[in-house]
Structures are given as C-alpha cells and as structure tokens.
Amino acid sequence: MYLAKLTVHNSQWRENDQQNQRKNANLLWSSSTWILALLPPDSIEQLLARTQAIAGLTLAELAGQLEVKLPVDLKRDKGTVGQLIEAALGACAGSKAEPDFPHLGVELKTLPIDRYGKPLESTYVCVAPLTGTVLEQFAESWVCRKLQRVLWVPIFAEREIPLAERIIGNGFLWQPSVMQYQALQQDWEELMEQISLGGLDQIRGANGKYLQLRPKAANSKALTTGIGSQGEAVQTLPRGFYLKTSFTSAVLAAQFNLA
DNA sequence: TTCTGATCATAA
DNA sequence: TTATGATCAGAA
C-alpha cells in the first residue's frame with residue numbers, strides 16, 4: 001500500500017446538446033479540486049469525499065493521475081474502468097468474494113450511462129450457486145449481501161465516446177428500499193427454485209423482473225457442476241446474477257430526480 | 001434499438 | 001476453475 005496524491009482538475013461536460021447539458025449536467029456531474037490518498041478509506045464519509053473528488057474527471061485524466069496506462073478501448077479490457085475507480089477510491093485489490101470495502105460493508109459498482117442518465121449495460125452482481133442451495137435464504141445469499149450497500153459510480157460512457165474521454169459522474173451510496181428488496185427477493189427465489197429443481201436449462205435472461213440469470217464464463221465451453229432435469233449432477237455453463245437496466249435506471253432516477 | 005447469450009483479462 | 005472487474009456483439 002502506498003500514498004499518492006491525486007489532484008483533480010476542473011473539467012467540463014463534453015456535450016453538444018445544450019438543453020440536455022442543462023437538464024442533466026448539474027445533477028450528474030460536479031467539478032472540483034481535491035487531494036486524496038490511496039489508502040483504504042476508514043469511514044463512509046472519507047469514501048464519499050473521494051468519490052466526489054473524482055467526479056467530473058475524464059478517465060484519461062484519472063489514469064494520468066494514477067500513472068496507469070489506459071487501453072484504447074474495452075474490447076480486451078472490459079474491467080479496466082472498474083479497476084481504475086477501485087484504485088482511485090482505495091479499494092482492496094484482488095478477486096476475493098467479499099465487498100470492495102469489507103470494513104465498511106460497501107460494494108463498488110461502476111455504471112455506464114448515456115447522456116440521459118440511462119444505464120447502457122446490465123450490472124453483474126455475483127456468480128450463481130448451482131448446487132447445494134436448497135436451504136439457502138435470500139437474506140444469506142450472495143446477491144443480498146452484495147447489494148446491501150452499494151457505491152454506484154456512473155460513467156458517461158456512450159460507445160461513440162473514446163474511452164479516454166468518458167467522464168466520471170457523481171457516485172453515491174445506495175441501499176435497497178423495502179420495495180426494491182422485496183422485488184429482488186422474489187426474482188431470486190424464483191430463479192433459485194428453478195435452479196434447485198433442475199430447470200436451469202430453461203432459465204433465460206428474460207426470467208426475473210429485475211434480477212436475471214445469464215452466462216458468466218470465459219466462453220461457451222466453460223463448464224461447472226449443476227443440477228440436471230432428473231436431479232442428477234451435470235456439467236453446465238457457469239451463470240451469474242445480473243441487475244437489469246430497468247432496475248439500475250430506477251436507482252439513478254431516484255438519486256438524481258430524473259424523470 | 002434493446003436484450004440475451006458470449007466473451008475478455010487477471011489473480012489465486 | 002472460480003472469483004474479481006465488466007462489455008461485446010449478434011439476434012430479436
């Protein structure tokens with residue numbers, strides 16, 4: 001672990017449509033100058049301060065401050081934005097199955113959005129357990145624990161915008177509302193029931209209102225153990241839980257008072 | 001244009 | 001292989 005100073009420059013919203021700029025810019029983006037450290041934040045307040053400090057920066061600017069090289073595009077480096085934000089906020093590196101900020105109980109998620117503040121992609125939550133989950137309850141599930149507290153960091157990331165010019169938005173801390181929690185629980189219970197009953201092959205991305213089950217693997221040949229239609233063990237494609245954009249869109253709308 | 005299934009890099 | 005970080009890209 002090391003300390004690094006990060007000076008954040010003022011930056012401006014790169015947007016041609018002046019009306020959209022007025023409508024969303026002040027809500028989604030801020031610009032400021034801060035100094036921050038790359039040690040893990042020791043409080044929620046410090047984490048939020050760091051989040052605000054990088055808001056308004058382009059990815060190239062942040063990469064420059066962190067002295068890391070930014071790839072030309074994400075075709076071969078899909079996780080680079082998330083890792084960049086992790087580094088800027090002082091998240092613990094590594095691929096451990098725990099929150100990015102274990103001591104704070106906070107999970108970090110970047111969220112690519114378009115000029116209207118709508119998510120461009122579904123959001124990966126965690127791998128789906130395909131065996132030995134009959135007695136598991138939602139409250140103890142990985143899905144629930146991961147989504148207990150999330151620091152969402154929107155990234156203005158329309159595909160036409162070069163990676164380097166994409167802008168970091170105003171991150172914010174979120175907890176599911178009672179209704180959101182119940183909706184997620186319902187989706188989760190339905191999906192998990194089907195998994196445990198051997199109906200995995202019939203589950204498509206369209207199942208679930210907000211939470212969906214989709215492949216999460218190196219490629220279509222990757223295999224893991226699952227439950228077959230007769231209850232037997234079979235080799236199948238690893239799956240992961242994802243939040244549909246309708247869900248994350250509502251989260252953003254509530255946070256930024258968008259229509 | 002949106003959505004689902006497929007895919008890429010890396011660490012342990 | 002499974003976990004982390006996700007987006008790609010063709011089908012619908």
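Below: a short report on this structure. (Residues numbered from 1 in each chain as written. Chains lettered and ligands numbered in written order. Predicted model: local features only at pLDDT ≥ 70, side-chain atom pairs only at ≥ 80, totals over all residues. Heavy atoms only, no water.)

**Describing the overall build of chain A**
- The helix and strand inventory of chain A stands at seven helices and nine strands.
- Considering chain A as a whole, with its 259 residues, one finds that 44% of them fall into the buried category.
- For chain A, restricting intrachain contacts to residue pairs at least 6 apart in sequence, the fraction spanning at least 24 positions comes to 67%.
- Summed over its atoms, the accessible surface of chain A is roughly 13,900 Å², and 50% of this surface lies on carbon and sulfur atoms. (Helix = DSSP H or I, 4+ residues; strand = E, 2+ residues; numbered from the N terminus. Buried < 20%, exposed > 50% of the residue type's maximum accessible area, 1.4 Å probe, protein only. Contact = heavy atoms within 4.5 Å. Areas by Shrake-Rupley, 256 points an atom, 1.4 Å probe, with all protein chains shown as cover.)

**A closer look at the sheet that holds strand 6 (residues 211-215)**
- Ordered in space as 2-9-6, the three strands form an open sheet in which the pairing is antiparallel. Each having just a single partner strand, strand 2 (123-127) and strand 6 make up the two edges of the open sheet. Averaged over neighbouring strand pairs, the angle between their axes works out to 35° when direction is ignored.
- Taken together, the four bridges between strand 2 and strand 9 (residues 239-243) define a ladder with antiparallel strand orientation. Residue pairing across strands places Tyr 124 opposite Tyr 242, the latter belonging to strand 9. (Pairing = 2+ DSSP bridges. Axes fitted to C-alpha atoms, helices over the stretch in contact; angles between N-to-C directions.)

**Brief notes about the environment of Val 81**
- With respect to the helices, strands and loops of the structure, Val 81 is situated in helix 4 (residues 80-89).
- You can call Val 81 buried: its relative accessible area is 11%.
- Between the C-alpha atoms of Val 81 and Leu 163, which are 82 residues apart in sequence, the distance is 9.0 Å.
- Contact partners of Val 81, with chain neighbours within four places excluded, come to Leu 59, Leu 74, Thr 110, Ile 155 and Leu 163.

**A look at the packing of aromatic side chains**
- Scanning the model with the defined rule gives seven aromatic pairs in all.
- The ring of Tyr 242 carries the charged tip of Arg 214 above its face, separated from the ring centre by 4.1 Å.
- When the ring centre of Tyr 124 is taken as origin, the NZ or CZ atom of Lys 216, which lies over that ring, is 4.4 Å away. (Phe/Tyr/Trp six-rings, centres within 6.5 Å; stacked < 30°, edge-to-face > 60°. Lys NZ or Arg CZ within 6 Å of the ring centre and 35° of its normal.)

**Observations concerning the protein's contact with DNA strand C**
- Around DNA strand C, the structure places 26 residues, and the nearest of them are Thr 110, Lys 146, Lys 216, Thr 224 and Tyr 242.
- Lys 78 places a side-chain nitrogen or oxygen 3.0 Å from a base oxygen of DNA strand C.
- For DNA strand C, a phosphate oxygen lies 3.0 Å from a polar atom in the side chain of Tyr 124.
- At the level of elements, helix 4, strand 1 (107-113), strand 2 and helix 5 (142-146) are the ones that each hand at least two residues to the surface near DNA strand C.
- Per-element tally for the surface near DNA strand C: the top contributor is strand 1, with four residues.
- Across the surface near DNA strand C, the residue classes tally to eight nonpolar, six polar and 12 charged. (Near = heavy atom within 4 Å. Polar contact = N/O pair within 3.5 Å; in protein donor to acceptor, adjacent residues only side chain to side chain. Nonpolar A, V, L, I, M, F, W, Y, C, P; charged D, E, K, R; others polar.)

**A closer look at helix 2 (residues 44-54)**
- Considered for burial, the residues of helix 2 that qualify are Ile 44, Leu 47, Arg 50, Thr 51, Ala 53 and Ile 54.
- Two residues or fewer after helix 2 comes Gly 56, characterised by a positive phi angle close to 95°.

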